[in-house]
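The chain contents come next:
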Amino acid sequence: MKDVSGDGAPTPTRRTALAGLAGAAGAALAAGCTASSASAPTPSPTGTTPAGGPTPGVMTLFENPGFNFNGLWTLGGSGAGAGEVGEVLTAVNAINKAGLSAQSYVETFRKLGDQLMAAPQGSKPDDQTTRWRALRAAQYYGQALFYVLGSDDPGREEQLYRAGRGAWDKFCELCDPAPVRTSVPYGKTPLPVWFFRPDESERRRPTVILTNGSDGQNVDMWTYGVPAALDRGWNALVYDGPGQGQLLFVNRVVFTPTWEKVVGPLVYWLVARADVDPDRIALTGLSMAGDLAPRAAAFEDRLAAVVAMPGCLTPWLGFPPEIREILTPNKQETNDIWNKEVVPELPAADAATMKKRFEPFSVPAMLDAREGRMFTDFYTPAKRIQALDITNVVGRIKMPALVLDYEGEQFYPGQARQMFERLTSPKDYVKLTAATGAQLHCSPMAPQQHSEVVFDWLNETLANR
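Now for a quick tour of the structure. (Residues numbered from 1 in each chain as written. Predicted model: local features only at pLDDT ≥ 70, side-chain atom pairs only at ≥ 80, totals over all residues. Heavy atoms only, no water.)

## A word on the sheet that holds strand E4 (residues 235-239)
The mixed open sheet is built from eight strands, whose spatial order is E1-E2-E4-E3-E5-E6-E7-E8. Of all the strands in the sheet, just strand E1 (180-184) and strand E8 (427-432) have a single pairing partner and so form its edges. Adjacent strand axes in the sheet meet at a mean angle of 20°, parallel and antiparallel pairs treated alike. The sheet contact formed by strand E3 (residues 205-211) and strand E5 (residues 276-286) spans six bridges and is parallel. (Pairing = 2+ DSSP bridges. Helix = DSSP H or I, 4+ residues; strand = E, 2+ residues; numbered from the N terminus. Axes fitted to C-alpha atoms, helices over the stretch in contact; angles between N-to-C directions.)

Below is the structure:
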């Protein structure tokens, strides 16, 4: 790409390159969250994506790779009760029949969530029926939330978050034992916490802190860790940090690069409990939290182990170069490029994706998106994303570390291996592959297998502590 400095008159070459995100760059824009699409090609019957496509070798639910990834994610949650195969595939068929779009996706999954939170037909549901219906509803509301900024009514974002949160809380209320629900101090905005235990005894147990990524919901932490922990006699702590869940959508607190200041208070809370073994507290990080968790581990010595899923050194590299090159050292110049050259040319699908990608880093961007507007300050959130770089930090980690990687990793390719090579503590590297259906970012089709790898390693690593 030429002439990205802003010197001289804008050139057609730069304008075209920056705006032409609907092709390969548009697919890459899905790093950490999949691309919203106002319209998409008519999908073919379920099969496999052609070799060399955006998601090679996986089941094709939607032809659009962004929607397809989210569909696979939803389907994968079924093994943990966070979805039902028949419900998901029926929703997929309904969306394809209506015409794949953010609007049809949001409406279909929102209605499915509403249906599950209402009483089922037939006899009165018992607590277990209500519990598992609520968990599935939390998943489906989360899917609707994910694409709502690309829908006809982006202003429903907080409403959809609250619906999903209500379903999650109903599920937790009916667990036996119910998780301890509390708030842990963090700056001016406490962190919501759900502390799951195998039982209510005060037996000291190993504990895992499950850290979400840039766009996940609490239900994802269930799928990627809570049952696996409980089945092995572990405690599991789920929380919302800055830029996530309640802190983002309600409290309007964006991501921070100093994640140790988030994890530190959680560790203080845990070590004060009689049912936590203070020498066996582990931290995991899913998706972009494969950057956040290692950052915290570099400064929080009370952790006994850390797992990056996948290893991520530089989240900013998850954006395609056409986006990264908009950022210059000068705020005014950067925002001029964004507002005068890029935004006027952005297709609706890519505009929705940019709103989604930037909202966890900018409250003004989030509020503009809810009003159907594109944010005007590109520079500030872009610099916040840049500040998440931990390339020169991971060498400080002292505890054992597991770095996961995935065949076909489409969001942070190569970064897991780079992290592993920079680690100086005891370390292991595992790559999940297509041979067992565990390919792609976070193994969306194989979260049970994913959890088996993580907890086998944790049990072995902490066995003698």
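The structure having been displayed, the exposition proceeds.
## Observations regarding a negative patch on the surface
A cluster of like negative charges, contributed by Asp 428, Glu 452, Asp 456 and Glu 460, occupies part of the molecular surface. With three residues, the top contributor of residues to the negative patch is helix H19 (residues 447-462). If you trace the backbone, Asp 428 turns up in strand E8. By relative accessible area, Asp 428 is classed as partly exposed at 38%. (Patch = residues over 30% accessible without salt bridge, like charges linked within 9 Å, V, L, I, M, F, W, Y side chains within 5 Å. Areas by Shrake-Rupley, 256 points an atom, 1.4 Å probe, with all protein chains shown as cover. Salt bridge = Lys/Arg side-chain N within 4 Å of Asp/Glu carboxyl O. Lys, Arg positive; Asp, Glu negative; His and termini not counted. Charge placed at Lys NZ, Arg CZ, Asp CG, Glu CD. Buried < 20%, exposed > 50% of the residue type's maximum accessible area, 1.4 Å probe, protein only.)

## Considering the packing of helix H3 (residues 65-76) against helix H4 (residues 85-98)
Relative to each other, H3 and H4 sit at 160°, their axes nearing to 9 Å. Overall, the two elements H3 and H4 adopt an arrangement that is roughly antiparallel. For the crossing formed where H3 meets H4, the hand is right-handed. Of H4, the residues touching H3 (which contributes Gly 71, Thr 74 and Leu 75) are Val 85, Val 88 and Leu 89. Class assignment of the residues belonging to the contact of H3 with H4 gives a composition of four nonpolar, two polar and no charged. (Parallel < 35°, antiparallel > 145°, perpendicular 65-115°, else oblique. Left-handed = near helix turned anticlockwise from the far one by under 90°. Contact = heavy atoms within 4.5 Å. Nonpolar A, V, L, I, M, F, W, Y, C, P; charged D, E, K, R; others polar.)

## Section: unusual backbone geometry
With an omega dihedral of 0°, the bond running from Asp 176 to Pro 177 counts as a cis peptide bond. Structurally, Pro 177 can be placed in the loop between helix H7 (157-173) and E1. Cis geometry is adopted by the peptide bond preceding Pro 310, which originates at Met 309 and carries an omega value of 5°. By the secondary structure assignment, Pro 310 is in the loop between strand E6 (305-309) and helix H13 (321-324). One non-glycine residue, Cys 442, lies in positive phi territory at about 65°. Considering the arrangement of structural elements, one finds Cys 442 in the loop between E8 and H19.

## Examining the pairing of strand E7 (residues 401-406)
For E7, the buried fraction is high: six of the six residues fall into the buried class. The alternating pattern of E7 places Ala 401, Val 403 and Asp 405 on one face and Leu 402, Leu 404 and Tyr 406 on the opposite face, and all of these are buried. Bridging between E6 and E7 involves three bridges; their strand directions are parallel. Following the sheet pairing, Ala 308 is matched in E7 by Val 403. As judged from the six bridges shared by E7 and E8, these two strands associate in the parallel manner. In the sheet register, Ala 401 faces E8, and the bridge partner there is Lys 427. For the handedness criterion, the β-α-β arrangement of E7, helix H18 (residues 415-422) and E8 is classed as right-handed. (Right-handed = clockwise from strand over helix to strand, strands pointing away.)

## Notes on the side chain of Asp 169
For Asp 169, the position within the fold is in helix H7. Judged by its relative accessible area of 14%, Asp 169 is buried. Here Trp 194 takes part through its side chain, which lies 3.2 Å from a polar atom of the side chain of Asp 169. Every residue in contact with Asp 169, bar those within four places of it in the chain, is listed here: Arg 181 and Trp 194. (Polar contact = N/O pair within 3.5 Å; in protein donor to acceptor, adjacent residues only side chain to side chain.)

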